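Summary of the model geometry
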Amino acid sequence: MDRGNRDELMERQASRSVLLVRPASFGFNPETAASNAFASSTEEDVAEAVVREFDALAQRLSAGGVEVLILEDEPDPPKPDAIFPNNWVSFHADGTMVLYPMESPTRQREREPERLAALLRQSGFEVRRTADLSHHERHGRFLEGTGSLVIDRRERRAYANLSPRTDSHIIADFDDRLDYTTLLFDARDRAGRPIYHTNVLLSLGSRFAVLCTEAVAEEYRAVLIDEIEASGRTVIKVDFEQLESFACNVIELESDAGNPVIAISAAAKASLRPDQLNRLQSFGELLDVPIPTIERVGGGGIRCMIADIHLPRVSPGS
């Protein structure tokens, strides 16, 4: 990338368009459970409940003025975590689509760049290049998209908690290809296990961040907070109990009227104290949706379900 063109490629933190994947075979995935302490096995049939929760999110986003693109998951082969597309793809303002390496073989099946590219074209978006990082899977190294990387698009800076699903070698590859720099740190849950995805403990909006400071190792905590605040953001600090309710797993978007909106699960919203809730609401309208089955069985929250689209639109007549 020509670094002299950085100003031309400045990205807004919040997008007006998102990709969702409607699941065809959602369920508990034993392949991912070893590193995802949030997922729980179940004997119940959750398919109908999950589709209802998915549709409620799609409708809530649309009603809030966000453009929603839906990729229909195909039932064969089954992909129990397909509802979380942000782990295998991200979209950038220079027209780049990034494909990521994922730890679980069942999750690797989720990457469908051809079907996705067709949907994007039909919706008027332009993919100018694909940065495919998936080859790292052959070497047992993984980087699960904007689950692993919490991105400050304006500053071309990323934050990453190292874990079995977030490898520093691939982060270096990402940084080189997209002209980013990434701050690496260590964060762990109450049991001392590495937190599997960074977006479970940190989210970045245009003017705010939600961070579980308790989870961040002490030697990194002040550096991380200082850098986020230096970027002009207010840090809303939450505790372990709120993290476990996906309070950090939120995403700022923008309505078609240009207003900030924040997608958050009902459980995450309910976990916030009044002062935290008031601060978060000061940065945008909250689009809250109950997704209890997805959170409990899938081990992921609202932000995990959303791949925010920052691609350019196709030029008229092209």
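Located above this text is the structure these notes cover.
Residues numbered from 1 in each chain as written. Predicted model: local features only at pLDDT ≥ 70, side-chain atom pairs only at ≥ 80, totals over all residues. Heavy atoms only, no water.

**Examining the layout of surface pockets**
- Roughly 170 Å³ of internal volume is contained in the largest pocket.
- Contributing to the lining of the largest pocket are 13 residues, with Arg12, Ala14, Ser206, Glu252 and Glu254 lying nearest its centre.
- Each residue belonging to the lining of the largest pocket can be placed in one class, and the counts come to 4 nonpolar, 3 polar and 6 charged. (1 Å grid on protein atoms, 1.4 Å probe; cavity = no way out; pocket = protein on both sides within 12 Å on 5 of 7 lines; lining within 4 Å. Points joined across faces, edges and corners; volume = space filled by probe spheres on them. Nonpolar A, V, L, I, M, F, W, Y, C, P; charged D, E, K, R; others polar.)

**Quick word on empty space enclosed by the protein**
- Under the counting rule described, the total for this entry stands at 4 cavities of 30 Å³ or more.
- Forming the boundary of the largest cavity are 16 residues, of which Gln13, Val150, Ile151, Leu204 and Arg303 lie nearest the centre.
- Sorting the residues of the lining of the largest cavity by element identifies β6 (150-152), β9 (202-204) and β12 (251-254) as the ones contributing at least two each.
- Per element, the largest residue contribution to the lining of the largest cavity is 3 residues, and it comes from β9. (Helix = DSSP H or I, 4+ residues; strand = E, 2+ residues; numbered from the N terminus.)

**Describing the packing of aromatic side chains**
- Counted according to the given criterion, the structure contains 3 aromatic pairs.
- The structure contains a cluster of three or more aromatic residues connected by ring pairs, namely Tyr100, Phe174 and Tyr180.
- Between Arg313 and the ring centre of Phe125, over which it is positioned, the NZ or CZ distance is 3.9 Å. (Phe/Tyr/Trp six-rings, centres within 6.5 Å; stacked < 30°, edge-to-face > 60°. Lys NZ or Arg CZ within 6 Å of the ring centre and 35° of its normal.)

**Considering the sheet that holds strand β10 (residues 208-212)**
- Pairing within the open sheet is mixed, and its 3 strands lie in the order β9-β10-β11. Edge strands, defined here as strands with exactly one partner in the open sheet, are β9 and β11 (234-238). In this sheet, adjacent strand axes meet at a mean angle of 15° when their direction is disregarded.
- Sheet contacts for helix α10 (residues 274-281): β10 and β11; angle to β11, the most-contacted strand, approximately 150°. (Pairing = 2+ DSSP bridges. Axes fitted to C-alpha atoms, helices over the stretch in contact; angles between N-to-C directions. Contact = heavy atoms within 4.5 Å.)

**A look at helix α6 (residues 168-178)**
- Those residues of α6 that fall on the buried side of the exposure criterion are Ile170, Ile171, Asp173, Phe174, Asp175 and Leu178.
- Taken together, the buried residues of α6 touch β4 (96-99), β5 (129-132), β6, β7 (157-161) and β8 (181-185).
- Trailing α6 by a residue or two, Asp179 shows a phi angle of about 60°, which is positive. (Buried < 20%, exposed > 50% of the residue type's maximum accessible area, 1.4 Å probe, protein only.)

**Overview of the sheet that holds strand β1 (residues 17-22)**
- Spatially, 3 strands are ordered β2-β1-β15 in an open sheet, and the strand pairing comes out mixed. The outermost strands of the open sheet, each flanked by one partner alone, are β2 (67-72) and β15 (307-309). Across the sheet, the mean angle from the axis of one strand to that of its neighbour is 30°, orientation sign disregarded.
- Sheet analysis places β1 next to β15, joined by 3 bridges and oriented antiparallel.

Don't take any of this as a statement about function, it's just geometry.
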